[in-house]
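Here is how the chains run, residue by residue.
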Amino acid sequence: MIYIFCAPSGSGKSTMVKHLLTMHPDLFELSVSCTTRAPRGQEVHGKEYYFISVEEFQKRIENNDFIEYEQVYDGLYYGTLKQEIDRIEAAGRQVLFDVDVKGGINLKKILGDKATSIFICPPSIEELRRRLEGRGDTSPEMIEKRLAKAEYELSFKPQFDRIVINDDLTNAFKQLDAIIDTTTK
Ligand code: ADP
Ligand code: 5GP
């Protein structure tokens, strides 16, 4: 089973993915996407993302290297490489995707029953702002852009296989563990 994690930025996707990777390091691996944004904080090329130029991203589009890609924010491209699924499955692990809402819906359409799509829902927009501000690695301008997009993204929630409400963290992990227990093949 492949798991697709989607949510408005700051809802806790990375936190959920990290939980699964920590609990089951031999079972899951995160697909590393390409992005044209600059690394934040301690991010490392090849770990969180492949950080590439717009020119290189365009070349990869032309080469048909992406299973899906989006201009997630103005001028910033993010894309999932086809080779990531092959790389992770060849290593005997299950793929985790952390992608934006549109990308997640596209991936689910392509992967069908091979994938479970999970929407991580924030308790409120106000809490989302607090979390983005608290994370301390995103500029005030980017925070406003991400919040403006969040309401729109929340409207896609019904299109997902499962929903996790990330209010209390322990409770959210429990919801996620139950989903994994009932869907892992
Ligand atoms: P995303 O990957 O969706 O952008 P993150 O996982 O980075 O979101 O979470 C955003 C911030 O909120 C991080 O600082 C994270 O530690 C914090 N956070 C995540 N879940 C919770 C929660 N249930 N309660 C409080 N803070 C949380
Ligand atoms: P961030 O800049 O915070 O790492 O990510 C911004 C958004 O881009 C997040 O919603 C993240 O899930 C999404 N994203 C990351 N990789 C991809 C990808 O390969 N495809 C798509 N469509 N979205 C992605």
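Scroll up for the structure.
What counts and what doesn't
- Residues numbered from 1 in each chain as written.
- Chains lettered and ligands numbered in written order.
- Predicted model: local features only at pLDDT ≥ 70, side-chain atom pairs only at ≥ 80, totals over all residues.
- Heavy atoms only, no water.
- Helix = DSSP H or I, 4+ residues; strand = E, 2+ residues; numbered from the N terminus.
- Contact = heavy atoms within 4.5 Å.
- Buried < 20%, exposed > 50% of the residue type's maximum accessible area, 1.4 Å probe, protein only.
- Lys, Arg positive; Asp, Glu negative; His and termini not counted.
- Salt bridge = Lys/Arg side-chain N within 4 Å of Asp/Glu carboxyl O.
- Polar contact = N/O pair within 3.5 Å; in protein donor to acceptor, adjacent residues only side chain to side chain.
- Near = heavy atom within 4 Å.
- Areas by Shrake-Rupley, 256 points an atom, 1.4 Å probe, with all protein chains shown as cover.
- Nonpolar A, V, L, I, M, F, W, Y, C, P; charged D, E, K, R; others polar.

Draft legend 1. The arrangement of the environment of T116 in detail. In this structure, T116 sits in strand 8 (residues 115-121). For the pair formed by T116 and G41, sequence separation is 75 residues and the distance between their alpha carbons is 30 Å. The contacts of T116, once residues within four sequence positions are left out, are M1, I2, Y3, I4, D161, R162 and T183.

Draft legend 2. Just the side chain of E68, in detail. Counting through the fold element by element, E68 comes out in strand 5 (residues 66-73). No salt bridge is formed by the buried E68; the nearest opposite charge belongs to K102, separated by 9.8 Å. Looking at E68, its side chain comes within polar contact range of the side chain of T80, at 2.6 Å.

Draft legend 3. Summary view of the site of ligand 1. Around ligand 1, a shell composed of 13 residues is seen, among which G10, S14, T15, R135 and N166 lie nearest. Here K13 contributes a backbone N or O atom positioned 2.9 Å from an oxygen atom of ligand 1. Here S14 contributes a side-chain N or O atom positioned 2.5 Å from an oxygen atom of ligand 1. Bound to the protein, ligand 1 loses 75% of the 560 Å² it would expose on its own. Put simply, the parts of the chain that give the shell around ligand 1 at least two residues each are helix 1 (13-23) and helix 5 (125-135). Here the shell around ligand 1 gets three residues from one element, more than from any other, and that element is helix 1. Of the residues that constitute the shell around ligand 1, the class distribution is two nonpolar, seven polar and four charged.

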